[in-house]
Amino acid sequence: MTSRSADPPTRSRLTAEALSVGHGGQAVVQDIELDIFEGCMTALLGPNGSGKSTLLAGFARLLPALGGSVRLDGSDLATFPTRHVARVLGLLPQQPPVPEGLSVFDLVARGRFPHQGFFSQWSRQDEAAVGEALALAALADLADRPVETLSGGQRQRAWIAMVLAQETPLLLLDEPTTFLDAAHQVAILDLLRDLVRRHRRTVVCVLHDLNMALQYADRLVFLKEGRIRHVLTHPSQCDGRIIEEVFEMPVVSLKHPQSGLPVFLPCASRQPEARP
Amino acid sequence: MTAMSSAGHSRERHALLLMLSVLAVLAILHIQQGARPIPATVMLDAVLSPDRDAFDHFVILSLRLPRASACIVGGAAFGAAGFLLQVAMRNRLAEPHVLGLNAGASLAVVLVTTYQPVVLPDILMPFAASLGAAGLFGLVLALSALGSGRFDPVRMVFFGIALSALASALVSAILILNEDTLEQLRFWLVGDAAGGGAAAVWSILPAVALGLVAGCLLMPQLATFSLGESISVALGASVHRTRIAALVVTALLCGSAVSLVGPIGFVGLMAPALWPRLHQRPSLGAFLLVAGSGAAILLAADILALGLLAPTELPTGALTGLAGAPVFIWLVARRLT
């Protein structure tokens, strides 16, 4: 944790301005003002239905802005050709389908689509990018394995490798660690932090596990009922009041003995069940 | 790494070679077959140095070769159309015959032949048939998306069958009222490769070539479809435009094939099903493989149609139906379990 960057974030790559996003004309998130700073890992947090995934989908142009705009390096995201956006912005949606019959290599190679033209179908550069993505995700040995034979954690790493092969400076991930056990969660989050620290990538991810987010993210954004409630520029700013307000659950605060960062545990039930 | 990416390519190359050799064998068998046995050497002679006065040469050049070519061109178009439709809709059960494209194309051909609103040159007939296919399929899509805004696969099959029945009823009504057209189209309507001879094959070639080239160009975009719509968009594929283009090309291929050999079903279902997991990896090679397999299937069906009850000829469409319907049921059953 000592490597957490102390420098102030440089510039905003992705900006929401008075943004509303939703489905079928119905806004799920509203009046969002948010900067995603370069070289940072930003975590979107909040209770179920708070609009985290919807906001991420808005950032990734999967859902159009119902009001306001998303700006990519200062210009409206909607004005860029979709292929150009795909070279800057990578996305891993929540629970992507399991592609039957594709090898890990095939799947990761699909990430090269935005870099390929009609006539230049597969280049040396593509080969190198896929190789590097496989190495980063520690999947080089499994490249020939069919994706459906992988374990949950390996499969998630394969999807992340596909997004890495896209070679985008910005990565958006929707719950990349959900359904994984603690060790696999840590492996994914270590990988993401490595991308931010060593490769200067900018990562935005929706996370469910509050304490994991506190240990790994540089900036925390709390959403509730479709609006941003708190933006913390460092996890140490998080306290019990924020958590109780956003999650409507009494908590006790602790300090992680190694990182010194806050950890929150739910209060023991005030009416404990009678034990035999 | 190079070895790994080329492993897929060499597998594809092997499959293509296998398909081409089977196709060649079937073509030779097909041409040899008939009331009059003709040795293979004469066949070669007829193609390389045709002699107008030799009866065998006449039989081969003006009867058997056109019929085999009709099977190859029509089968390739049906096979390619089925694959495009299945990949674009992300539904392995999507089949041009089941979803109403064949019935729409038939209706268009029957309407144009009977009422001749404009005198169409032969080369434009495939396009008229394609318009019919696109029209009826458009209706199937609109009805199956009604209310939900999504293309539910099961609803698509239901509406495809219902509208096909409606179009077939219209075709029957028109034909009963117009005996001349009935006489002209009777065999074509049940699927018949003997139909128009060499001239008819030449007249659909431009439309089929256009469709095959366009299909090839769509393959890289379609390859992202198997990862789900969100990832397609995230990878920068133009999902809606690609899907619409793929459906237009499907209608073009399917309409052209129907205008040549009649509404033959299930080739578009069987051709991709021959190769494991082809739908996950649309590519130029996969597309050519499916087109070639379609050609081989139709050739094989026609060989059986000619030979099974010789000298009585069965309609080619009956044979693909006999083989295709069980494949369709098998695919549905596998989905349900």
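It should be noted that the structure appears before, not after, this text.
Residues numbered from 1 in each chain as written. Chains lettered and ligands numbered in written order. Predicted model: local features only at pLDDT ≥ 70, side-chain atom pairs only at ≥ 80, totals over all residues. Heavy atoms only, no water.

Undergrad: Outline the overall build of chain B, listing residues and values.
TA: Within chain B, the secondary structure is distributed over 13 helices and zero strands. In chain B, the succession of helices and strands from N to C terminus is α-α-α-α-α-α-α-α-α-α-α-α-α. Considered along the principal axes of its C-alpha atoms, chain B spans approximately 65 × 60 × 40 Å. Buried positions account for 53% of the 337 residues belonging to chain B. Sequence separation of at least 24 residues holds for 75% of the intrachain contacts in chain B that already meet a minimum separation of 6. (Helix = DSSP H or I, 4+ residues; strand = E, 2+ residues; numbered from the N terminus. Buried < 20%, exposed > 50% of the residue type's maximum accessible area, 1.4 Å probe, protein only. Contact = heavy atoms within 4.5 Å.)

Undergrad: Give me the lowdown on the pattern of salt bridges, citing residues and values where you can.
TA: Residues and elements named next belong to chain A. Tallied over the full model, the rule gives 18 salt bridges over all chains. Across the salt bridge formed by Arg 13 and Asp 73, the nearest N and O atoms sit 2.7 Å from each other. Of this pair, Arg 13 sits in strand β1 (residues 12-23) while Asp 73 sits in the loop between β4 (65-72) and β5 (75-76); the two residues are 60 residues apart in sequence, bridging distant segments of the chain. Here Asp 73 falls in the partly exposed class, since its relative accessible area comes to 37%. (Salt bridge = Lys/Arg side-chain N within 4 Å of Asp/Glu carboxyl O.)

Undergrad: Which residues make up the sheet that holds strand β6 (residues 89-92) of chain A, and what values do they have?
TA: The pairing of strands in a sheet comes from backbone hydrogen bonds and takes either a parallel or an antiparallel form. All names here are of chain A. If you trace the six strands from one edge of the open sheet to the other, you get β6-β7-β8-β3-β9-β10, paired in mixed fashion. Only two strands of the sheet have a single partner each, and these edge strands are β6 and β10 (227-232). Within the sheet, the average angular offset between the axes of one strand and its neighbour, ignoring direction, is 15°. Across four bridges, the pairing between strand β3 (residues 41-45) and strand β9 (residues 219-224) is parallel. Across the sheet, the residue bridging to Ala 43 is Leu 220, located in β9. Against the sheet, helix α5 (residues 152-165) touches β6 and β7 (170-174), its axis set at about 165° to β6. Contacting β3, β7 and β8 (202-206), helix α6 (residues 182-199) crosses the sheet at an angle of about 135° to β3. (Pairing = 2+ DSSP bridges. Axes fitted to C-alpha atoms, helices over the stretch in contact; angles between N-to-C directions.)

Undergrad: I'd like to hear about the pairing of strand β12 (residues 262-266) of chain A, residue by residue, with values.
TA: All names here are of chain A. Looking at chain direction, strand β11 (residues 251-255) and β12 are connected through five bridges and run antiparallel. Among the inter-strand pairings, Lys 255 is bridged to a residue of β12, identified as Pro 262. Here β11 folds back onto β12, and the loop between the two strands holds six residues, one of which, Gly 260, carries a positive phi near 75°.

Undergrad: Before we move on, could you go through the sheet that holds strand β2 (residues 26-37) of chain A and cite the residues and values that matter?
TA: Residue and element names in this part refer to chain A. Sheet architecture is open: four strands sit in the order β2-β1-β4-β5, paired in antiparallel fashion. One side of each edge strand has no neighbouring strand; the edge strands of this open sheet are β2 and β5. Bridge analysis of β4 against β5 gives two bridges, and the strand direction is antiparallel. When the bridges of β5 are listed, Leu 72 appears paired with Ser 75. Its contacts with the sheet place helix α1 (residues 52-59) against β1, β2 and β4, and it is angled at close to 120° to β1.

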